[in-house]
Amino acid sequence: MAIYRRFVRAKKGMSTIFGGLFFIILILMGFNLMLWGFIQYDNYNSSLFKMNQNDQLATSENLVPASPGAQNLTSTGFNIPVNNLGGTTVSIARIYISNISPTGGTKCTNSDPNSQGPCVVDSGLGTQNCAGNGNCGFTNGNVAAGVINQLIHVTGVTLNDGSGYKVILSSTRGRLFSFFYPWPVNVNTGNPGGQFVTNIGPLSIYFDFKSFNFTQGSQTQSQSAFCVPTSTTMVLWVYVANNAPDSGVTLEGSTMMEMQPYSANGFGQFVRTWIVSPTSINPASITPYNQGTNPYFLPAAPANGAGSKTPVYFGGAAQGGVGGVNLGNTQDNWLTFMGFYYIYRGQPQGETIPFMDLKSTAGYPGTC
Amino acid sequence: MNLAKWAMNRIEKNRRSRRGISTIMANLTMLVIVVALSSLLFVWAISSFGAYQGGAGYWFSSRSIANQERVSVENVFFTGSCGTCNNIVKVYVRNVGTIPFTIASVYVNSTLFQFSQTVNVGNVTTTPLTMTLSSTTWAHNDIQKITVATVRGTITTTTWVP
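A brief report on the enclosed structure follows. (Residues numbered from 1 in each chain as written. Chains lettered and ligands numbered in written order. Predicted model: local features only at pLDDT ≥ 70, side-chain atom pairs only at ≥ 80, totals over all residues.)

Take the overall build of chain A next. Secondary structure assignment for chain A yields two helices and 23 strands. Expressed as a percentage of the 368 residues in chain A, the buried residues total 35%. For chain A, the proportion of contacts with a sequence separation of at least 24, taken over those separated by at least 6, is 64%. (Helix = DSSP H or I, 4+ residues; strand = E, 2+ residues; numbered from the N terminus. Buried ≥ 20, exposed ≤ 12 C-beta atoms within 10 Å, placed from the backbone. Contact = placed C-beta atoms within 7 Å.)

So this is what it looks like as structure tokens:
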């Protein structure tokens, strides 16, 4: 009753009530706007969070193809050994194979009518007849975290034709993992384990399986030269280091290599080759050796051992020449010697390295 | 008689009253000003809130959608239309996001090539994005910068060495 009387006698009129309502409406509109903003921002943040989680999963992928890159090579396929060193399962979505050194054919190049570009290998039965052997596909492409040496089986395309290939494994999260085939020679200058070294004079000559290599065509990755293809122009690589701490060593242009086939029944049936310039990594890039302008210079060794290994390229048809090394079409074993001539402490010196045997075969690399 | 007397008294009182027309006018003026300002405030608040909601809403929704795009440049194949012409670049793009996107343009280094190819979630471009370079060709062992842009403004830049 008292409240009613107070209300009846109140001096505040309708305008006050309307004013209050108006003010409350304005406040509510402001709150509503703030609430709407919070909701929008929350949606946006949840979207960001979800995509960030995906990104973190993608960055935690760490698939490492293992040497030799491709194994169990058959006429219709091969296996890719991989290790998953990351923290999440990796699913391979597609494999791209590009021929980066088409010395064995046009497969997986733009000239190949099947692939018209890189060979595209999709999961399962595949979608593209990339090499003319049926659809190129792969299986076993889901690699769980921590798995070592899982074999991804590829069908429809092979890599053992002598060309050099770049293989890219693409994951479903957008990460790329790649390797080259043939597997690049691992040069480890800090650890001589597994390397056969001959030390004569100031020079250390490495001619073990990893250090005596060759390239053909325009290959940039060398392969072991203990077995080489016949009728193929090559550049031979030999790794050399300087052991002498008191002087650098400059190779002379007369440094050469001589190979004699076992089937030879007389002198004169040799194949000889001389060193070419330090940039002549393959037959497509051979330039003559010029001791004056671009020599092989091996700096003096540091106090803790031999200096770093330097590849020396042989591919000259004569001293200061070019042309590459070609063992012809004779499938044979070749007894090989090298003569190194160099300038050490300002004095010309020479040494002949008793060497070893290499094999040439027409069915390289299958018949090595 | 009484009524006439009452009317005369009333007139006399009003004549002697100190309240003038100015008080009424002042009240009326204040009322008009308050109503006008309140209306202005209301209209301003409505329009401002609306504009804010419109702009912010568009920004949130467009950014939220664009943020779900993930472009993966899976492979770039460098080739040529002839033996020695290094003038063709083929780009393979995969959608690893959660919504479809449409590729609007691809830059090879700084050269623009325009496309309009939609890629669904998890898929790769049905045909590789093929670009024929005219003035500047690619070179072996040089770094080539490939940038892919979508219509929503997502940009992915990768580098490749032919």
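What follows continues from the structure just given.
Between its first and last C-alpha atoms helix α2 (residues 21–66) of chain B spans 66 Å; for 46 residues at 1.5 Å apiece the expected length is 68 Å, and the two agree. Here α2(B) lies mainly on the outside; zero of its 46 residues are buried. (Expected span 1.5 Å × (residues − 1).)

Before going further, it helps to examine the sheet that holds strand β7 (residues 155–160) of chain B. All names here are of chain B. An order of β4-β3-β6-β7 is seen for the four strands of this open sheet, with the pairing classed as antiparallel. On the outer flanks of this sheet lie β4 (111–119) and β7, each paired with one strand and no other. Sheet twist, expressed as the average angle between the axes of neighbouring strands with direction ignored, equals 20 degrees. Here strand β6 (residues 144–150) pairs with β7 via six bridges, running antiparallel. Counterpart to Ile-146 in the pairing with β7 is Thr-158. (Pairing = 2+ DSSP bridges. Axes fitted to C-alpha atoms, helices over the stretch in contact; angles between N-to-C directions.)

Before going further, it helps to spend a moment on unusual backbone geometry. With an omega of 10 degrees, the peptide bond between Ser67(A) and Pro68(A) qualifies as cis. For the bond from Tyr181(A) to Pro182(A), the omega torsion is 5 degrees, close enough to zero to count as cis. Positionally, Pro182(A) belongs in the loop between β9 (176–181) and β10 (197–200). Despite not being glycine, Arg345(A) shows a phi value in the positive range, around 55 degrees. According to the C-beta neighbour criterion, Arg345(A) is exposed, with 11 such atoms within 10 Å. Within the chain, Asn109(B) stands out as a residue other than glycine whose phi angle is a positive 55 degrees.

Residues and elements named next belong to chain B. Only one face of strand β5 (residues 129–132) is buried, namely the one carrying Leu-129 and Met-131, since none of Thr-130 and Thr-132 on the opposite face is buried. Across four bridges, the pairing between strand β2 (residues 88–95) and β5 is antiparallel. Note on β5: the bridge partner recorded for Val-89 is Met-131.

Moving on, we get to the sheet that holds strand β1 (residues 71–79) of chain B. Residue and element names in this part refer to chain B. Taken in spatial order, the three strands line up as β1-β2-β5 in an open sheet, and their pairing is antiparallel. The sheet is open, and its two edges are formed by β1 and β5, each paired on a single side. On average, each strand axis in the sheet is inclined to that of its neighbour by 20 degrees, with strand direction left out of account. With eight bridges joining them, β1 and β2 adopt antiparallel strand pairing. Its bridge partner being in β2, Phe-78 is matched across the sheet by Val-89.

Below, the discussion takes up the environment of Gly87(A). By the secondary structure assignment, Gly87(A) is in the loop between β2 (77–84) and β3 (90–101). Excluding anything up to four places from it in sequence, Gly87(A) contacts Ser60(A) and Ala145(A).

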